[in-house]
Amino acid sequence: MSPTRGQVAAGAVAAEDRRTTREQSLDLFAELRAAGADADRRAMCREALVHLHLPLVDHCARRFRNRGEPFDDLVQVGTIGLLKSIDRFDAERGVEFSTYATPTIIGEIKRHFRDKGWAIRVPRRLQELRMLISAATSELSQDLGRSPTPREIAAKIEVSVEDVMEGLESANAYSTLSLDAGESSEDGGSHSMLDGMGIDDEALEHVEIRESIKPLLEQLPAREKQILMLRFFRGMTQSQIAAEIGVSQMHVSRLLSRTLENLREALSDAG
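Residues numbered from 1 in each chain as written. Predicted model: local features only at pLDDT ≥ 70, side-chain atom pairs only at ≥ 80, totals over all residues. Heavy atoms only, no water.

Colleague: Mind showing me how you'd approach the environment of M44 here?
Modeller: With respect to the helices and strands, M44 occurs in helix α3 (residues 39-62). M44 sits twelve residues away from L32 along the chain, and the two C-alpha atoms are 8.7 Å apart. (Helix = DSSP H or I, 4+ residues; strand = E, 2+ residues; numbered from the N terminus.)

Okay, here's the thing in C-alpha coordinates:
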(Lines give C-alpha, C1' and ligand atoms only; values in the text may rest on other atoms or scores of the structure.)
Protein backbone atom coordinates (compact mmCIF):
# COMPACT_ATOMS: atom_id res chain seq x y z
CA MET A 1 0.00 0.00 0.00
CA SER A 2 1.56 3.26 -1.11
CA PRO A 3 1.80 6.14 1.39
CA THR A 4 -0.48 9.13 1.06
CA ARG A 5 0.76 12.54 0.05
CA GLY A 6 0.32 13.77 3.63
CA GLN A 7 2.39 10.86 4.99
CA VAL A 8 5.14 11.61 2.50
CA ALA A 9 5.11 15.28 3.50
CA ALA A 10 5.21 14.44 7.20
CA GLY A 11 8.03 11.99 6.57
CA ALA A 12 10.03 14.61 4.73
CA VAL A 13 9.76 16.94 7.70
CA ALA A 14 10.67 14.21 10.21
CA ALA A 15 13.71 13.20 8.17
CA GLU A 16 15.08 16.72 8.40
CA ASP A 17 14.39 17.35 12.07
CA ARG A 18 18.07 17.95 12.65
CA ARG A 19 17.94 21.06 10.48
CA THR A 20 16.47 24.31 11.72
CA THR A 21 12.89 25.20 10.88
CA ARG A 22 14.12 28.27 9.04
CA GLU A 23 16.44 26.24 6.80
CA GLN A 24 13.74 23.71 6.04
CA SER A 25 11.25 26.48 5.26
CA LEU A 26 13.61 28.21 2.86
CA ASP A 27 14.29 24.98 0.97
CA LEU A 28 10.61 24.04 0.80
CA PHE A 29 9.57 27.51 -0.37
CA ALA A 30 12.33 27.49 -3.00
CA GLU A 31 11.06 24.16 -4.31
CA LEU A 32 7.43 25.30 -4.07
CA ARG A 33 8.15 28.39 -6.15
CA ALA A 34 10.51 26.65 -8.60
CA ALA A 35 9.42 27.12 -12.19
CA GLY A 36 9.94 23.51 -13.22
CA ALA A 37 8.17 21.85 -10.25
CA ASP A 38 5.12 19.78 -11.16
CA ALA A 39 1.74 20.05 -9.39
CA ASP A 40 2.24 16.97 -7.22
CA ARG A 41 5.63 18.14 -5.99
CA ARG A 42 4.25 21.60 -5.22
CA ALA A 43 1.40 20.04 -3.26
CA MET A 44 3.80 17.89 -1.26
CA CYS A 45 5.98 20.91 -0.44
CA ARG A 46 2.92 22.87 0.64
CA GLU A 47 1.79 20.10 2.97
CA ALA A 48 5.30 19.74 4.35
CA LEU A 49 5.30 23.45 5.16
CA VAL A 50 1.97 23.07 6.93
CA HIS A 51 3.26 20.18 9.07
CA LEU A 52 6.46 22.09 9.79
CA HIS A 53 4.64 25.15 11.10
CA LEU A 54 1.74 23.54 12.95
CA PRO A 55 3.49 24.24 16.28
CA LEU A 56 3.24 27.94 15.40
CA VAL A 57 -0.52 27.57 14.90
CA ASP A 58 -0.78 25.72 18.21
CA HIS A 59 1.15 28.51 19.95
CA CYS A 60 -1.11 31.21 18.51
CA ALA A 61 -4.28 29.28 19.32
CA ARG A 62 -3.24 28.86 22.96
CA ARG A 63 -3.39 32.62 23.38
CA PHE A 64 -7.16 32.39 22.91
CA ARG A 65 -7.92 29.42 25.16
CA ASN A 66 -10.73 29.59 27.74
CA ARG A 67 -12.67 32.17 25.76
CA GLY A 68 -15.66 30.04 24.93
CA GLU A 69 -14.42 28.27 21.80
CA PRO A 70 -13.04 24.69 21.61
CA PHE A 71 -9.26 24.64 21.28
CA ASP A 72 -9.41 22.23 18.31
CA ASP A 73 -11.63 24.69 16.45
CA LEU A 74 -9.11 27.47 17.08
CA VAL A 75 -6.29 25.30 15.71
CA GLN A 76 -8.36 24.50 12.64
CA VAL A 77 -9.09 28.17 12.01
CA GLY A 78 -5.46 29.08 12.65
CA THR A 79 -4.37 26.46 10.11
CA ILE A 80 -6.44 28.29 7.49
CA GLY A 81 -4.39 31.39 8.30
CA LEU A 82 -1.22 29.32 7.96
CA LEU A 83 -2.28 28.11 4.50
CA LYS A 84 -2.99 31.67 3.40
CA SER A 85 0.44 32.73 4.66
CA ILE A 86 2.18 29.92 2.76
CA ASP A 87 0.42 30.87 -0.47
CA ARG A 88 1.28 34.57 -0.11
CA PHE A 89 4.79 34.40 1.34
CA ASP A 90 7.67 35.77 -0.68
CA ALA A 91 11.00 34.48 0.65
CA GLU A 92 12.96 37.03 -1.41
CA ARG A 93 11.84 39.85 0.89
CA GLY A 94 14.14 38.53 3.63
CA VAL A 95 11.42 38.22 6.28
CA GLU A 96 11.19 35.18 8.53
CA PHE A 97 8.14 33.10 7.61
CA SER A 98 7.04 32.82 11.25
CA THR A 99 7.18 36.61 11.55
CA TYR A 100 5.09 36.95 8.41
CA ALA A 101 2.58 34.21 9.28
CA THR A 102 1.85 35.01 12.93
CA PRO A 103 -0.32 38.12 12.30
CA THR A 104 -2.27 36.26 9.61
CA ILE A 105 -2.92 33.27 11.88
CA ILE A 106 -3.97 35.44 14.80
CA GLY A 107 -6.10 37.59 12.51
CA GLU A 108 -7.92 34.51 11.26
CA ILE A 109 -8.64 33.37 14.82
CA LYS A 110 -9.88 36.82 15.83
CA ARG A 111 -12.12 36.92 12.77
CA HIS A 112 -13.55 33.58 13.85
CA PHE A 113 -14.45 35.04 17.24
CA ARG A 114 -15.99 38.13 15.66
CA ASP A 115 -18.01 36.45 12.93
CA LYS A 116 -18.85 32.95 14.11
CA GLY A 117 -18.50 32.80 17.85
CA TRP A 118 -21.55 34.91 18.72
CA ALA A 119 -24.99 33.39 19.17
CA ILE A 120 -26.59 36.83 18.73
CA ARG A 121 -25.17 39.38 16.33
CA VAL A 122 -23.74 42.47 18.00
CA PRO A 123 -21.77 45.38 16.49
CA ARG A 124 -18.16 44.57 15.63
CA ARG A 125 -17.01 47.33 17.99
CA LEU A 126 -18.52 45.43 20.92
CA GLN A 127 -17.10 42.12 19.71
CA GLU A 128 -13.60 43.56 19.61
CA LEU A 129 -14.17 45.33 22.94
CA ARG A 130 -15.17 42.04 24.55
CA MET A 131 -11.94 40.41 23.37
CA LEU A 132 -9.89 43.30 24.80
CA ILE A 133 -11.75 43.06 28.11
CA SER A 134 -11.23 39.30 28.27
CA ALA A 135 -7.49 39.57 27.62
CA ALA A 136 -7.10 42.44 30.11
CA THR A 137 -9.09 40.56 32.75
CA SER A 138 -6.79 37.54 32.47
CA GLU A 139 -3.64 39.67 32.74
CA LEU A 140 -4.92 41.77 35.65
CA SER A 141 -6.16 38.71 37.53
CA GLN A 142 -2.63 37.28 37.44
CA ASP A 143 -1.01 40.57 38.44
CA LEU A 144 -3.48 41.47 41.19
CA GLY A 145 -4.28 38.00 42.49
CA ARG A 146 -7.99 38.77 42.28
CA SER A 147 -10.67 39.70 39.78
CA PRO A 148 -10.14 43.25 38.49
CA THR A 149 -12.78 45.95 38.83
CA PRO A 150 -14.35 47.57 35.75
CA ARG A 151 -12.37 50.73 36.50
CA GLU A 152 -9.08 48.79 36.52
CA ILE A 153 -9.99 47.09 33.24
CA ALA A 154 -10.92 50.47 31.73
CA ALA A 155 -7.54 51.90 32.71
CA LYS A 156 -5.75 48.86 31.27
CA ILE A 157 -7.33 49.06 27.81
CA GLU A 158 -7.71 52.88 27.88
CA VAL A 159 -11.48 53.14 27.53
CA SER A 160 -14.21 54.53 29.77
CA VAL A 161 -15.83 52.54 32.56
CA GLU A 162 -19.13 52.84 30.67
CA ASP A 163 -17.52 51.15 27.64
CA VAL A 164 -16.30 48.30 29.84
CA MET A 165 -19.77 47.81 31.32
CA GLU A 166 -21.26 47.79 27.83
CA GLY A 167 -18.68 45.25 26.69
CA LEU A 168 -19.38 43.01 29.69
CA GLU A 169 -23.11 43.14 29.02
CA SER A 170 -22.59 42.30 25.34
CA ALA A 171 -20.78 39.13 26.42
CA ASN A 172 -24.21 37.69 27.28
CA ALA A 173 -24.86 37.49 23.54
CA TYR A 174 -21.81 35.30 22.95
CA SER A 175 -23.54 32.05 23.75
CA THR A 176 -27.07 30.93 24.44
CA LEU A 177 -28.69 27.84 25.87
CA SER A 178 -31.77 26.28 24.37
CA LEU A 179 -34.83 26.10 26.60
CA ASP A 180 -35.10 22.48 25.49
CA ALA A 181 -31.67 21.68 26.91
CA GLY A 182 -32.14 19.11 29.64
CA GLU A 183 -30.29 17.92 32.68
CA SER A 184 -30.61 14.69 34.61
CA SER A 185 -32.52 14.75 37.86
CA GLU A 186 -32.10 12.64 41.00
CA ASP A 187 -35.00 10.39 40.02
CA GLY A 188 -33.18 9.42 36.82
CA GLY A 189 -35.43 11.51 34.56
CA SER A 190 -34.53 14.41 32.36
CA HIS A 191 -36.02 17.87 32.67
CA SER A 192 -35.56 20.83 30.33
CA MET A 193 -35.17 24.45 31.36
CA LEU A 194 -38.60 25.07 29.93
CA ASP A 195 -40.08 22.68 32.49
CA GLY A 196 -38.75 24.84 35.29
CA MET A 197 -39.99 28.15 33.97
CA GLY A 198 -43.04 29.76 35.49
CA ILE A 199 -46.13 31.01 33.71
CA ASP A 200 -47.78 34.40 33.69
CA ASP A 201 -49.79 34.95 36.86
CA GLU A 202 -53.10 36.42 35.76
CA ALA A 203 -53.65 37.74 39.29
CA LEU A 204 -50.74 40.16 38.82
CA GLU A 205 -52.96 42.34 36.65
CA HIS A 206 -55.19 43.01 39.66
CA VAL A 207 -52.51 43.68 42.27
CA GLU A 208 -52.83 47.44 42.01
CA ILE A 209 -56.61 47.30 42.30
CA ARG A 210 -56.46 44.97 45.29
CA GLU A 211 -53.95 47.18 47.09
CA SER A 212 -56.03 50.28 46.37
CA ILE A 213 -59.24 48.73 47.61
CA LYS A 214 -57.87 47.34 50.89
CA PRO A 215 -58.19 50.59 52.90
CA LEU A 216 -61.68 51.15 51.45
CA LEU A 217 -62.80 47.71 52.61
CA GLU A 218 -61.55 48.45 56.11
CA GLN A 219 -63.89 51.45 56.27
CA LEU A 220 -67.02 49.47 55.38
CA PRO A 221 -69.61 48.54 58.00
CA ALA A 222 -69.22 45.00 59.32
CA ARG A 223 -72.26 43.60 57.49
CA GLU A 224 -71.31 45.03 54.07
CA LYS A 225 -67.75 43.79 54.51
CA GLN A 226 -69.06 40.33 55.42
CA ILE A 227 -71.28 40.22 52.34
CA LEU A 228 -68.35 41.11 50.08
CA MET A 229 -66.14 38.50 51.68
CA LEU A 230 -68.76 35.78 51.34
CA ARG A 231 -69.57 36.72 47.76
CA PHE A 232 -66.11 37.30 46.25
CA PHE A 233 -63.70 35.38 48.47
CA ARG A 234 -65.79 32.36 49.40
CA GLY A 235 -67.81 32.27 46.17
CA MET A 236 -71.23 32.04 47.83
CA THR A 237 -74.45 32.92 45.98
CA GLN A 238 -76.75 35.69 47.12
CA SER A 239 -79.28 33.15 48.46
CA GLN A 240 -76.52 31.41 50.44
CA ILE A 241 -75.35 34.74 51.83
CA ALA A 242 -78.91 35.63 52.82
CA ALA A 243 -79.23 32.38 54.73
CA GLU A 244 -75.81 32.92 56.32
CA ILE A 245 -76.48 36.41 57.74
CA GLY A 246 -80.28 36.04 58.24
CA VAL A 247 -81.71 38.55 55.75
CA SER A 248 -83.63 38.27 52.50
CA GLN A 249 -81.91 37.67 49.20
CA MET A 250 -83.36 40.94 47.88
CA HIS A 251 -81.79 42.81 50.78
CA VAL A 252 -78.43 41.14 50.09
CA SER A 253 -78.71 42.18 46.44
CA ARG A 254 -79.42 45.83 47.38
CA LEU A 255 -76.57 45.94 49.91
CA LEU A 256 -74.15 44.35 47.48
CA SER A 257 -75.04 46.72 44.64
CA ARG A 258 -74.82 49.79 46.90
CA THR A 259 -71.48 48.71 48.38
CA LEU A 260 -69.93 48.02 44.99
CA GLU A 261 -71.14 51.36 43.66
CA ASN A 262 -69.60 53.18 46.63
CA LEU A 263 -66.31 51.37 46.13
CA ARG A 264 -66.22 52.26 42.42
CA GLU A 265 -66.82 55.92 43.23
CA ALA A 266 -64.12 55.90 45.91
CA LEU A 267 -61.63 54.29 43.54
CA SER A 268 -62.51 56.78 40.82
CA ASP A 269 -61.99 59.73 43.19
CA ALA A 270 -58.69 58.27 44.39
CA GLY A 271 -57.44 57.86 40.79
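Colleague: What is the right way to look at the side chain of T79 in this model?
Modeller: Mapped onto the elements of the fold, T79 is located in helix α4 (residues 71-88). Among the residues examined, T79 registers a relative accessible area of 17% and is labelled buried. (Buried < 20%, exposed > 50% of the residue type's maximum accessible area, 1.4 Å probe, protein only.)

Colleague: Would you mind showing me how to read the pattern of salt bridges here?
Modeller: As a working rule, side chains carrying opposite charge can pair if their charged atoms are close by. Taken as a whole and judged by the stated rule, the model has twelve salt bridges. Salt-bridge contacts for R62 lead to D58; the nearest nitrogen and oxygen are separated by 2.7 Å. Of the two residues, R62 and D58 both sit in helix α3, four residues apart, roughly one turn of that helix. Residues joined in a network through salt bridges with shared partners are K84, E108 and R111. (Salt bridge = Lys/Arg side-chain N within 4 Å of Asp/Glu carboxyl O.)

Colleague: Can you help me understand the packing of helix α2 (residues 21-33) against α4 in this one?
Modeller: Angle between the axes and distance between the axes: these two values describe a pair of packed helices. Contact pair α2 / α4: the axes reach a minimum separation of 11 Å and the direction vectors enclose 65 degrees. Of the residues in α4, those touching α2 at F29, L32 and R33 are I86, D87 and R88. Across the contact of α2 with α4, the residue classes break down as three nonpolar, no polar and three charged. (Axes fitted to C-alpha atoms, helices over the stretch in contact; angles between N-to-C directions. Contact = heavy atoms within 4.5 Å. Nonpolar A, V, L, I, M, F, W, Y, C, P; charged D, E, K, R; others polar.)

Colleague: Help me out: how do you make sense of the UniProt feature "domain: RNA polymerase sigma-70" (unreviewed entry) in the protein chain in this one?
Modeller: Within the UniProt annotation, "domain: RNA polymerase sigma-70" (unreviewed entry) is assigned to residues 73-86. Summarising residues 73-86: 100% helix, 0% strand, and an end-to-end C-alpha distance of 20 Å. (UniProt positions renumbered as here; feature names shortened; annotations may be inferred.)

Colleague: For this particular structure, what's the right way to read helix α10 (residues 222-233)?
Modeller: Counting along an α-helix, one turn takes 3.6 residues, and residues three or four places apart therefore face a common direction. In this model, α10 (twelve residues) spans 16 Å end to end at C-alpha, consistent with the 16 Å of a helix rising 1.5 Å per residue. Every buried residue of α10 is listed here: E224, I227, L228 and L230. Viewed along the axis of α10, the buried residues span an arc of 170 degrees, placing them on a single side of the element. Exposed and oriented more than 90 degrees from the buried face of α10 are A222 and F233. Within two residues after α10, G235 carries a phi angle of roughly 70 degrees, on the positive side. (Expected span 1.5 Å × (residues − 1). Arc of directions from axis to C-beta.)

Colleague: Just to check I follow, could you spell out the side chain of S25 for this structure?
Modeller: Along the chain, S25 falls in helix α2. Residue S25 is classed as buried on the basis of its relative accessible area, which comes to 5%. A polar atom in the side chain of S25 sits 2.8 Å from the side chain of H53. (Polar contact = N/O pair within 3.5 Å; in protein donor to acceptor, adjacent residues only side chain to side chain.)

Colleague: I would appreciate a short explanation of a nonpolar patch on the surface in the present structure.
Modeller: Taken together, the side chains of M229, F232 and F233 present a nonpolar region at the surface, about 350 Å² in accessible area. One can find M229 in helix α10. (Patch = residues over 30% accessible without salt bridge, like charges linked within 9 Å, V, L, I, M, F, W, Y side chains within 5 Å. Areas by Shrake-Rupley, 256 points an atom, 1.4 Å probe, with all protein chains shown as cover.)

Colleague: Hey, could you run me through helix α8 (residues 161-170) in this one?
Modeller: When α8 is considered as a whole, its buried residues turn out to be V164, G167 and S170. Across the axial projection of α8, the buried residues extend over an arc of 125 degrees, all falling on one side. Among the exposed residues of α8, those pointing more than 90 degrees away from its buried face are E162 and E169. Elements in contact with the buried residues of α8: α6 (124-144) and α7 (150-157).

Colleague: What should I look at first to understand the packing of α10 against helix α11 (residues 238-245) in this one?
Modeller: The contact between α10 and α11 brings their axes to 10 Å, and the two run at 135 degrees. By the criterion of interaxial angle, the relationship of α10 to α11 is oblique. Two packed elements cross with a definite hand, and for α10 against α11 that hand is right-handed. Every residue of α11 that contacts α10 at R223, Q226, I227, L230 and R231 is listed here: I241, E244 and I245. (Parallel < 35°, antiparallel > 145°, perpendicular 65-115°, else oblique. Left-handed = near helix turned anticlockwise from the far one by under 90°.)

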